[in-house]
Amino acid sequence: MSQWLEAMFEAFREVILQGKTGVLFPVDDHMLLSQRIECLMNDPELRSRLIKGAFKYVTENHGIKDWVAQYQRLFLSTVHPAA
């Protein structure tokens with residue numbers, strides 16, 4: 001279940017969209033974390049929606065094609081730097 005729960009670090013906020021691709025909580029709010037975990041445990045429809053949303057978001061925004069394009073731009077910028 002930890003793949004759906006991450007603390008509100010900037011790196012995770014790029015991928016985790018509250019209620020769409022996962023759930024967020026402040027690092028020091030253990031009560032909210034436990035409530036969110038309980039909610040996910042008791043709501044299979046919510047779990048399914050978050051899983052599908054996360055998969056769709058990552059494949060559309062962080063897929064291999066994106067990585068290749070980023071590395072290609074980086075490589076080309078070193079071979080042919082802008083004037």
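Read on for an overview of the structure. Since we're looking at a predicted model, the values are computed, not measured. (Residues numbered from 1 in each chain as written. Predicted model: local features only at pLDDT ≥ 70, side-chain atom pairs only at ≥ 80, totals over all residues. Heavy atoms only, no water.)

Digging into a nonpolar patch on the surface
To keep it simple, the criterion reads: Residues form patches when they are more than 30% accessible in relative terms and have no salt bridge. Like charges link within 9 Å. Nonpolar side chains (Val, Leu, Ile, Met, Phe, Trp, Tyr) link within 5 Å. Residue exposure ignores everything except the shown protein chains as possible cover, and the areas themselves are Shrake-Rupley values with a 1.4 Å probe. In what follows, salt bridge is the name for a side-chain nitrogen of Lys or Arg lying within 4 Å of a carboxyl oxygen of Asp or Glu. The helix and strand labels rest on DSSP assignments: H or I over at least four residues marks a helix, E over at least two residues marks a strand, and numbering proceeds from the N terminus. For each residue, the accessible area found with a 1.4 Å probe, counting protein chains only, is set against the maximum for its type, and the residue is called buried under 20%, exposed over 50%, and partly exposed in between.
On the surface, I64, W67, V68, Y71 and L74 cluster together to form a nonpolar patch covering roughly 580 Å² of accessible area. Here Y71 shows up in helix α4 (residues 64-79). Its relative accessible area of 54% is what places Y71 among the exposed residues.

Here's the deal with helix α3 (residues 44-61)
Formally: Expected helix span is given by 1.5 Å per residue-to-residue step, counting one fewer step than there are residues. The contact definition used throughout considers only heavy atoms, calling two residues in contact when any of these lie within 4.5 Å.
A rise of 1.5 Å per residue sets the reference length of α3, with its 18 residues, at 26 Å; its end C-alpha atoms lie 25 Å apart and thus fit the reference within 8%. Looking at the buried residues of α3, the elements they touch are β2 (23-25) and α2 (30-42).

Concerning the environment of H62
The residue H62 is located in the loop between α3 and α4 in this model. Judged by its relative accessible area of 26%, H62 falls in the partly exposed class. Considering only alpha carbons, one finds H62 and V15, 47 residues apart in sequence, at a separation of 9.0 Å. Sequence-distant contacts of H62, defined by excluding residues within four places in its chain, comprise E14, V15, Y57 and W67.

Points about the side chain of T21
Our working definition: Nitrogen and oxygen atoms within 3.5 Å of one another constitute a polar contact, given that in protein one can donate a hydrogen and the other can accept it, and given that sequence-neighbouring residues count only through two side-chain atoms.
With respect to the secondary-structure elements, T21 resides in the loop between α1 (10-13) and β2. A relative accessible area of 7% places T21 in the buried class. At a separation of 2.6 Å, a polar atom in the side chain of T21 contacts the main-chain amide nitrogen of L17. Leave out the neighbours within four places in its chain, and T21 touches V15, I16, L50, G53, A54 and Y57.

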